[in-house]
Every structure is written in C-alpha cells, then in structure tokens.
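Residues per chain, in single letters:
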Amino acid sequence: MIDLRSDTVTKPTDLMRKTMAESVVGDDVYREDPTVKKLEELASNIFKKEAALFVASGTMGNLIALLTHTRPGDEIILEAESHIYYYEVGGLGRLGGLIPQLIPGKDGIFSIEQLKKALRPDDIHFPKATLLCLENTHNRAGGRVLDQEKVKEIVSFAKQQGLRTHLDGARIFNAAVASNTDVSTLCEPFDSVMFCLSKGLAAPIGSVLVGNQDFIDRARKYRKMLGGGMRQAGVIAAAGLVALEVMTKRLGEDHRNAQLLATKLDEIDGFQVVNHVETNIIVLELTNNDFTVQDLLTGWRQNGILASSVSEKRIRLVTHYQVSDSDIEKVIRVTKELILQARR
Ligand SMILES: Cc1ncc(COP(=O)(O)O)c(C=O)c1O
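Source: prediction; values computed, not measured.

## Structural notes on the overall build of the chain
Secondary structure assignment for the chain yields 14 helices and 13 strands. Overall, the C-alpha framework of the chain stretches about 65 × 55 × 35 Å when taken along its three principal axes. The burial tally for the chain puts 56% of its 344 residues in the buried class. If you take every contact in the chain between residues at least 6 apart in sequence, the share linking residues at least 24 apart comes to 73%. As displayed, the chain offers around 15500 Å² of accessible surface, 49% of which is attributable to carbon and sulfur atoms. For the chain, the distance from the average site of its 43 positive side-chain charges to the average site of its 45 negative ones is 2 Å.

## Brief notes about the site of the ligand
For the ligand, the set of nearby residues contains 13 residues, the closest of which are Gly58, Thr59, Asn139, Asp168 and Arg171. Contacts to the ligand include glycine 58, whose backbone N or O atom sits 2.8 Å from an oxygen atom. Taking aspartate 168, its side chain carries an N or O atom lying 2.7 Å from a nitrogen atom of the ligand. Protein chains shield 84% of the accessible area of the ligand, which is 390 Å² for the free molecule. Considering every element that reaches the shell around the ligand, the biggest residue donor is helix 3 (residues 58-69), with three residues. Counted by class, the shell around the ligand contains two nonpolar, six polar and five charged residues.

## What about the side chain of aspartate 7?
Summarising the element assignment, aspartate 7 is placed in the loop between strand 1 (2-3) and helix 1 (14-21). One polar contact links aspartate 7 to serine 6, side chain to side chain, over a distance of 3.5 Å. A polar side-chain atom of aspartate 7 sits 2.8 Å from a polar atom in the side chain of arginine 171. Here aspartate 7 is in contact with Arg171, Ser198, Lys199, Gly200, Asn280, Val318, Thr319 and His320, once residues within four sequence places are set aside.

## Observations concerning the sheet that holds strand 12 (residues 308-309)
Taking strand neighbours across the sheet as the criterion, the four strands line up as 9-10-13-12 in an open arrangement whose pairing is antiparallel. This sheet does not close on itself; its edge strands, each paired only once, are strand 9 (271-273) and strand 12. In this structure, strand 12 lies alongside strand 13 (residues 314-318), joined through two bridges in antiparallel fashion. If you follow serine 308 over to strand 13, its bridge partner there is arginine 316.

## Observations concerning the environment of aspartate 14
Relative to the assigned elements, aspartate 14 resides in helix 1. The sequence separation of aspartate 14 and glutamate 278 amounts to 264 residues, and the corresponding C-alpha distance is 28 Å.

## Some thoughts on the packing of helix 8 (residues 172-179) against helix 12 (residues 251-266)
In the contact formed by helix 8 and helix 12, the axes pass within 9 Å of each other and the chain directions differ by 75°. Looking at the two axes, helix 8 sits roughly perpendicular to helix 12. Two secondary-structure elements touch here, helix 8 through Phe173, Asn174, Val177 and Ala178 and helix 12 through Leu251, Gly252 and His255. In the contact of helix 8 with helix 12, the residues fall into four nonpolar, three polar and no charged.

## A word on the pattern of salt bridges
Scanning all chains against the criterion turns up 18 salt bridges. Between glutamate 253 and arginine 250 there is a salt bridge, with its nearest N and O atoms 3.7 Å apart. Salt bridges sharing common partners tie together Lys106, Asp107, Arg144 and Glu278.

## Focus: the pairing of strand 8 (residues 207-211)
Counting buried positions along strand 8 yields five of five residues, so the element is predominantly enclosed. What you see with strand 8 is no split at all: Ser207, Leu209 and Gly211 on one side and Val208 and Val210 on the other are buried throughout. Pairing geometry for strand 2 (residues 51-55) and strand 8, over five bridges, is antiparallel. Paired with valine 55 across the strands is serine 207, a residue of strand 8.

## Side note on the pairing of strand 10 (residues 281-286)
For a regular strand, side-chain orientation follows a simple rule: the groups alternate between the two sheet faces. Counting buried positions along strand 10 gives six out of six residues, so the element sits mostly inside the fold. The alternating pattern of strand 10 places Ile281, Val283 and Glu285 and Ile282, Leu284 and Leu286 on opposite faces, both of which are buried. In this structure, strand 9 lies alongside strand 10, joined through three bridges in antiparallel fashion. Within strand 10, the position partnered with valine 273 by the bridge is leucine 284. The sheet contact formed by strand 10 and strand 13 spans five bridges and is antiparallel.

## Let's talk about a nonpolar patch on the surface
A cluster of nonpolar side chains, contributed by Tyr85, Tyr86 and Tyr87, occupies part of the molecular surface with about 300 Å² of accessible area. Among the secondary structure elements, tyrosine 85 is positioned in helix 4 (residues 83-86).

## Description of the side chain of asparagine 280
Note on placement: asparagine 280 falls in the loop between strand 9 and strand 10. Assessed through its relative accessible area of 0%, asparagine 280 is described here as buried. At a separation of 3.0 Å, a polar atom in the side chain of asparagine 280 contacts the side chain of aspartate 7. What asparagine 280 contacts, discounting residues up to four positions off in sequence, is Asp7, Arg171, Asn174, Asp254, His255, Ala258, Leu317, Val318 and Thr319.

Rules of the game
- Residue numbering note: each chain is counted from 1, following its sequence as written.
- Totals for whole chains, interfaces and linings use all residues, but because this is a predicted model, local features are given only for residues with pLDDT of at least 70 and pairs of side-chain atoms are given and counted only at 80 or more.
- As a convention, hydrogens and water are excluded, and side-chain values are obtained from all of the structure's heavy atoms.
- Strands here are runs of E lasting at least two residues and helices are runs of H or I lasting at least four, both read from the DSSP assignment and numbered beginning at the N terminus.
- Remark: exposure states derive from per-residue accessible area (1.4 Å probe, protein chains only) relative to the maximum for the residue type, with buried under 20%, exposed over 50%, and partly exposed in between.
- Here, two residues are considered to be in contact whenever any of their heavy atoms come within 4.5 Å of each other.
- What sets the accessible areas is the Shrake-Rupley method with a 1.4 Å probe; for residues, cover comes only from the shown protein chains.
- His is not counted here, nor are the chain ends, while Lys and Arg score as positive and Asp and Glu score as negative.
- For this purpose, a charge sits on NZ of Lys, CZ of Arg, CG of Asp or CD of Glu.
- For this purpose, a residue is taken to be near a molecule or strand whenever a single non-hydrogen atom of the residue falls within 4 Å of it.
- Any pair of N or O atoms that falls within 3.5 Å is considered a polar contact. Within protein, one atom must be able to donate a hydrogen and the other to accept it, and sequence-neighbouring residues count only if both atoms are side-chain atoms.
- Put simply, Ala, Val, Leu, Ile, Met, Phe, Trp, Tyr, Cys and Pro go in the nonpolar bin, Asp, Glu, Lys and Arg in the charged bin, and everything else, Gly too, in the polar bin.
- Each pair of strands is called paired provided DSSP finds at least two bridges between the two strands.
- Axes here mean lines fitted to C-alpha atoms, for a helix over just the part in contact, with angles spanning 0 to 180 degrees between N-to-C directions.
- The scheme is simple: roughly parallel for angles under 35 degrees, roughly antiparallel for over 145, roughly perpendicular for 65 to 115, oblique for anything else.
- Salt bridge, as applied in this entry: a Lys or Arg side-chain nitrogen positioned within 4 Å of an Asp or Glu carboxyl oxygen.
- Residues with no salt bridge and a relative accessible area higher than 30% make up the patches, which join like charges within 9 Å and nonpolar side chains (Val, Leu, Ile, Met, Phe, Trp, Tyr) within 5 Å.

Listed below in structure tokens is the structure:
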C-alpha cells in the first residue's frame, strides 16, 4: 500500500527496532529510566529550553501544557482551525475548564490587529485570557510554515499583556527544514513547545514537551494525573532518539516528493492543489464532475493507494519516509488511468 493518509502511519525503522530492543530501561516515574532521561536531555539541548518531558502523544502534550499554564475558567486564544481546538476532543473545555477564543487566520496565523481586538480589557464580566497557542506547521492550513516575523510580533505582544504562550509544534521539524531555520530559533519566543516523534520522524509512539524547569516540574505532575506516568518507557524513548538523531535529517525528501506530487496532480484537468505546498501536506480539490472524492478514493484504494477526504471536494495527501519517488510516479499513473476510465 502507498499510504498517503498521514505521516502518523509511519512504522518504526529497522534502526529504531534494534535500538528499542537494546535499550537500557528503568522506572521512569521514579526518574530511573536512563533512555528517557537521554531523550529529554537531547530534546532540551536541541530546543535550547531548560527541560523536557516525554509524553505519550501530541494530544497529551498539548493538554498538559494547557493545564500547567492556566486555571479553570481562564480564556485561551487559538487560531480557529488549530488542532488543539479542532481535533483534541474538546479536552481544553472538559479537562481544562478553559474558554476558547478563536481567531480566524490566514496561512495558519492571524494578525496582531486581530489579536489586539480579541484581547478584552480587564473587566468584571470577562474571563481572563492567560494563554495564547499557535501551531507550526499548521495542519489544517495545509502544512504551512508560520511567518516567523508575525510569530515574534504576536507572541511578544501577548507576553506584554501577561499571557503565557505555547506552540503546538507537532511538525516543527518540517517547519525548520522548509524554512532552513533551527527549531530552537522557531521556538525561542514560546514558553513551551510540544513536538511529535511519531509523525514524519517515524517513532511508533511519543511526543515531547519542552519549557523552563519550573514549567516541566509542574507538567510532570499533570502527566501523572492524566495517567501518563510510564514505567520502562525507555523502550519507546529509544525510538525517539533515532527520530531526533537520524530522521530529522531526511524530511527534505518528503517535501520534495510532496512538491513533485502536487505539481503533477495540479497539471491534471479537473484537479487543483489549493494549498501552497511547503512541507509534506497536499490539499487537492476536484474541480469538475469526472468523479466524486469518494470515487477517486475508492479507485485509488483498489490500486493500493490510500488518502483521506477533508471535505466534500477536497482530499489530503501526506508524504513521509515510506513513500518513495516511484510511489509518487505510480500515484500519478494510476490517477491518469482512473480519469481515462471515468471519461470513457
Ligand atoms: C498539529 C497537530 N498537533 C497535535 C497532534 C496530536 O498528536 P497525537 O496524534 O500524537 O495525539 C496532531 C496529530 O496529527 C497534529 O497534527
């Protein structure tokens, strides 16, 4: 199968499996797992933040950050299509007691003027906004890399207003490669960052939260509260080490494959790539009536290709290390054949 549904489908590499099998482990709730410690140290060095915490998933990392930075009843400022709001089961409301204030963005980010309007004055009637979250790359904006000048401006204004700031950096390494910038530079403005090991970096499980020591100490307690205190977690942290040391270096290939696929698909009559493809995500719109999104997905599936719909007319395709150049060629060939059949 050529699985273009998401980069989350990536399986651990042979080196990951070997490193996992050989990992030295201990009880991480007692802080005795050397492999988890090594991963957390490496992450805090790469991100140039004081400390790091290994967590089970991106959703858990974001939720822990929200719980650590806020109190129930606070307002949290988010881009309207953010993953935290859109896809994290409303944990911010159910578990954090937070009131989301959503600001519609362009290319994944809103303007400082929009933020100024959204931040209400200190008034007895209003909840207090205490946290601003951004997302880089922005998933629903089609893997967009945030404009770093805007990020700096917005985050600095939010800080002046007394807000804390968190970055959902599930795919921050994709943003770093696409913008030829270190993750530490992209993340410098934020108090905390969550990044995923289990997406394009191919680890089977795990994300990491980074921030200052006090933040991570308090976050560790919330991780335990949520049932995320893992024991011999070094077995999975070992794959995370390979993700950081090896897999971050090859993400450019995924971006090149996404560019190639997007260019070829866009050339097909009735197909339009609607996002600016900067990283590994393509959003394809069907612009005529040759077939529906469902017809195309079924046709692809019958030929060993998987993708997912994001709306009635749109499909999302994501490249990753298990998608090769020849796979891209096959997708194009099969698509052209399906169109010929549909038009016959
Ligand atoms: C931008 C973004 N943030 C957070 C997550 C959540 O990660 P997880 O699936 O590990 O909970 C995802 C998952 O796709 C994501 O795309």
